[in-house]
Amino acid sequence: SIPGRNYLEDGEAIIDDFSDGYGLYDAVWFVSNGELDKITSLTVIGKFTENDWFEAKSLSNCGIIDLSRTTGLTYVPSMLFREAQSLNSIILPASIRGIGYGAFSGCDSLTNLTLLSTVPPQVESGTFAGSNSDNFVVYVPAASVSLYKATDVWKDLDIRPLKSQVKSLQVTIDKKIDIKIYK
């Protein structure tokens, strides 16, 4: 991805250029040329406001939504992901403090929710009603597993420690650059 530029290739949409007046939904719409069903994975980067939410079920083929690189998110509104039939994985940032009524209701393909919050978000009743409870796993920071397992609603779910997905990182620096500045 190119920072500050929205991107869609092979179903993967990366949105990091949206703001008031040109919100997230507009950015998703434009990057897909209005064909929202082209998007199979959505990663959002940047400052998020309450005006940027839109119903995830409008992304009919989107299996993964990653909001972990956003700022400004504290609450997942009621019914937001309701009946998002293709959604199987969602990643929420550490700033989430609450999840509204029915936010994930009817998400029968949802198999994992990754919460980067060290403190369990407050959850309203019916948040996971009609979801895939048999195969549903919630991943949280390892140090917070016991706290989640002791908290209402969360204690009834399969809580597991978040594992790092970074296997390796390779950095290529242009030969013209003096690498001493990076040491």
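Our structure is the block above this text.
Read on for a plain summary of the structure. This structure is a prediction, so every number in the text was calculated from the model and none was measured.

Attention now moves to the sheet that holds strand E5 (residues 75–76). Strand order in the open sheet formed by three strands is E5-E7-E9, and the pairing between neighbours is parallel. Both edges of this open sheet fall to E5 and strand E9 (122–123), since each of them pairs with a single strand only. The pairing of strand E7 (residues 98–99) with E9 spans two bridges and is classified as parallel. The residue of E9 that forms the bridge with Gly98 is Gln122.

Turning next to the pattern of salt bridges. One pass over the structure, following the stated rule, counts five salt bridges. Two residues, Asp152 and Lys155, come together in a salt bridge whose shortest N-O distance is 3.2 Å. On the basis of relative accessible area, Asp152 is assigned to the exposed category, the value being 54%. Lys155 gets classed as partly exposed once you look at its relative accessible area, which sits at 45%.

Here the focus is the sheet that holds strand E3 (residues 41–47). In space, the eight strands of this open sheet follow the order E1-E2-E3-E4-E6-E8-E10-E11, with mixed pairing throughout. A strand with exactly one partner marks an edge of an open sheet, and here the two such strands are strand E1 (7–9) and strand E11 (158–161). Pairwise comparison of adjacent strand axes, ignoring direction, gives a mean angle of 15 degrees for this sheet. Bridge count for strand E10 (residues 137–140) against E11 is four bridges, and the pairing is parallel. Bridging across to E11, Val138 finds its partner in Ile159. Strand contacts of helix H1 (residues 24–31): E1, strand E2 (12–15) and E3, with the helix running at about 140 degrees to E2, the strand carrying the most contacts.

Definitions and cut-offs
- Residues numbered from 1 in each chain as written.
- Predicted model: local features only at pLDDT ≥ 70, side-chain atom pairs only at ≥ 80, totals over all residues.
- Heavy atoms only, no water.
- Pairing = 2+ DSSP bridges.
- Helix = DSSP H or I, 4+ residues; strand = E, 2+ residues; numbered from the N terminus.
- Salt bridge = Lys/Arg side-chain N within 4 Å of Asp/Glu carboxyl O.
- Buried < 20%, exposed > 50% of the residue type's maximum accessible area, 1.4 Å probe, protein only.
- Axes fitted to C-alpha atoms, helices over the stretch in contact; angles between N-to-C directions.
- Contact = heavy atoms within 4.5 Å.

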